[in-house]
Amino acid sequence: MARIFLYYIFPPFKMMFTKTIGFAALFSIASALPRSMVRRDGGGVTITNNLQQDVYAWSVAGDVGPMQTITSGGGVYSESWRTNPNGGGISIKLALDPDQNDVLQFEYTEAGDTIYWDMSCIDMQAGDNKFTEYGFAVVPSDETSTCPTAICKAGDTACSAAYLTPTDDHATHGCPIDTALQLSLGQS
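Figured I'd write up the structure that's included with this text. (Residues numbered from 1 in each chain as written. Predicted model: local features only at pLDDT ≥ 70, side-chain atom pairs only at ≥ 80, totals over all residues. Heavy atoms only, no water.)

1. Description of the sheet that holds strand E1 (residues 44-49)
Thinking step 1. On the basis of which strands lie adjacent, the open sheet formed by 5 strands has the order E4-E1-E11-E8-E9 and mixed pairing. Unpaired on one side and paired on the other, strand E4 (75-80) and strand E9 (150-152) mark the two borders of the sheet. For this sheet the average axis-to-axis angle between neighbouring strands, irrespective of direction, equals 15 degrees.
Thinking step 2. Here E1 pairs with E4 via 6 bridges, running antiparallel. (Pairing = 2+ DSSP bridges. Helix = DSSP H or I, 4+ residues; strand = E, 2+ residues; numbered from the N terminus. Axes fitted to C-alpha atoms, helices over the stretch in contact; angles between N-to-C directions.)

Quick look at the structure:
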């Protein structure tokens with residue numbers, strides 16, 4: 001659903017998003033956002049960096065804020081679900097250098113009582129990439145949740161749980177809006 005909105009309602013979104021906004025300094029953490037943009041009903045994502053190098057994160061919507069550093073060996077970044085003022089989705093871009101090369105994205109869009117989310121490898125170059133080399137996984141924090149998981153095991157360059165092309169709509173998942181998701185980068 002999130003991809004359908006971004007690609008079919010706003011076809012130039014991907015190129016504009018990647019080229020224009022992708023190279024700017026981006027959103028600050030969700031707690032610093034205006035109250036009207038932050039959801040307060042318990043849902044959100046927590047990203048844990050288990051890699052042995054820092055990961056740089058940008059939460060991208062319609063406004064621009066600073067880059068966040070998720071420190072190596074267990075650093076954490078959290079964001080409550082929020083809405084994009086322009087009606088589109090939110091993308092948390094993750095890179096291993098501050099120049100945003102080889103970007104892994106956690107993307108989400110609110111639709112009423114549902115949060116649609118996905119992982120995207122579209123902006124990662126094939127080959128030597130630590131996200132692929134060490135894997136990543138998104139799981140609900142509540143073990144009894146009916147929300148699906150997305151796991152890309154270490155070395156899986158063709159992981160079907162993430163977008164590899166813009167038409168991989170099977171990689172979009174829907175969960176109740178109050179779901180808390182855990183994204184782990186690398187093995188814990």
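On we go.
2. Examining the sheet that holds strand E2 (residues 55-60)
Thinking step 1. Strand order across the open sheet formed by 6 strands is E3-E2-E5-E6-E7-E10, with antiparallel pairing between neighbours. Two strands in the sheet have a free side with no partner beyond their single neighbour: strand E3 (68-70) and strand E10 (173-176). When the angles between neighbouring strand axes are averaged without regard to direction, this sheet yields 25 degrees.
Thinking step 2. Bridge analysis of strand E7 (residues 114-120) against E10 gives 4 bridges, and the strand direction is antiparallel. The residue of E10 that forms the bridge with Trp117 is His173.

3. A closer look at the state of the cysteines
Thinking step 1. Here the structure, examined in full by the defined rule, presents 2 disulfides.
Thinking step 2. Disulfide pairing is shown between Cys152 and Cys159; the S-S distance is 2.1 Å. Looking along the S-S bond of the Cys152-Cys159 disulfide, the torsion reads about -85 degrees, which is the left-handed sense.
Thinking step 3. The exposure class assigned to Cys152 is buried, which follows from its relative accessible area of 4%.
Thinking step 4. Among the residues examined, Cys159 registers a relative accessible area of 3% and is labelled buried.
Thinking step 5. For the chain, the bonded cysteines pair up as 1-4, 2-3 when numbered in the order they occur along the sequence.
Thinking step 6. Summary of cysteine pairing: Cys121 is not part of a disulfide, and the nearest cysteine sulfur, belonging to Cys152, is at 5.6 Å. (Disulfide = S-S within 2.5 Å. Buried < 20%, exposed > 50% of the residue type's maximum accessible area, 1.4 Å probe, protein only.)

4. Some details on the pattern of salt bridges
Thinking step 1. For the structure shown, the criterion picks out 2 salt bridges.
Thinking step 2. Among the salt bridges present, the one from Arg82 reaches Glu79, with a minimum N-O distance of 3.1 Å. Neither Arg82 nor Glu79 differs from the other in exposure class; each is buried.
Thinking step 3. Across the pair Lys130 and Glu133 runs a salt bridge whose closest N-O atoms are separated by 3.5 Å. With Lys130 and Glu133 both in helix H3 (residues 130-134) and 3 residues apart, this pair spans about one turn of that helix. (Salt bridge = Lys/Arg side-chain N within 4 Å of Asp/Glu carboxyl O.)

5. Quick look at the pairing of strand E11 (residues 180-185)
Thinking step 1. What you see with E11 is a clean split: Leu181, Leu183 and Leu185 sit on the buried side and Ala180, Gln182 and Ser184 on the side with no burial.
Thinking step 2. Note: E1 against E11, 6 bridges, orientation parallel. Residue Gly44 lies in a different strand from E11, and its bridge partner there is Ala180.
Thinking step 3. Where strand E8 (residues 136-140) lies against E11, 5 bridges are found, and the strand directions are antiparallel. Residue pairing in the sheet places Phe136 in a bridge with Leu185 of E11.

6. Focus: the side chain of Ser59
Thinking step 1. If you trace the backbone, Ser59 turns up in strand E2.
Thinking step 2. Within the structure, the side chain of Ser59 is placed 2.7 Å from the side chain of Glu79, a separation counted as a polar contact.
Thinking step 3. Looking at Ser59, its side chain comes within polar contact range of the side chain of Arg82, at 2.4 Å. (Polar contact = N/O pair within 3.5 Å; in protein donor to acceptor, adjacent residues only side chain to side chain.)

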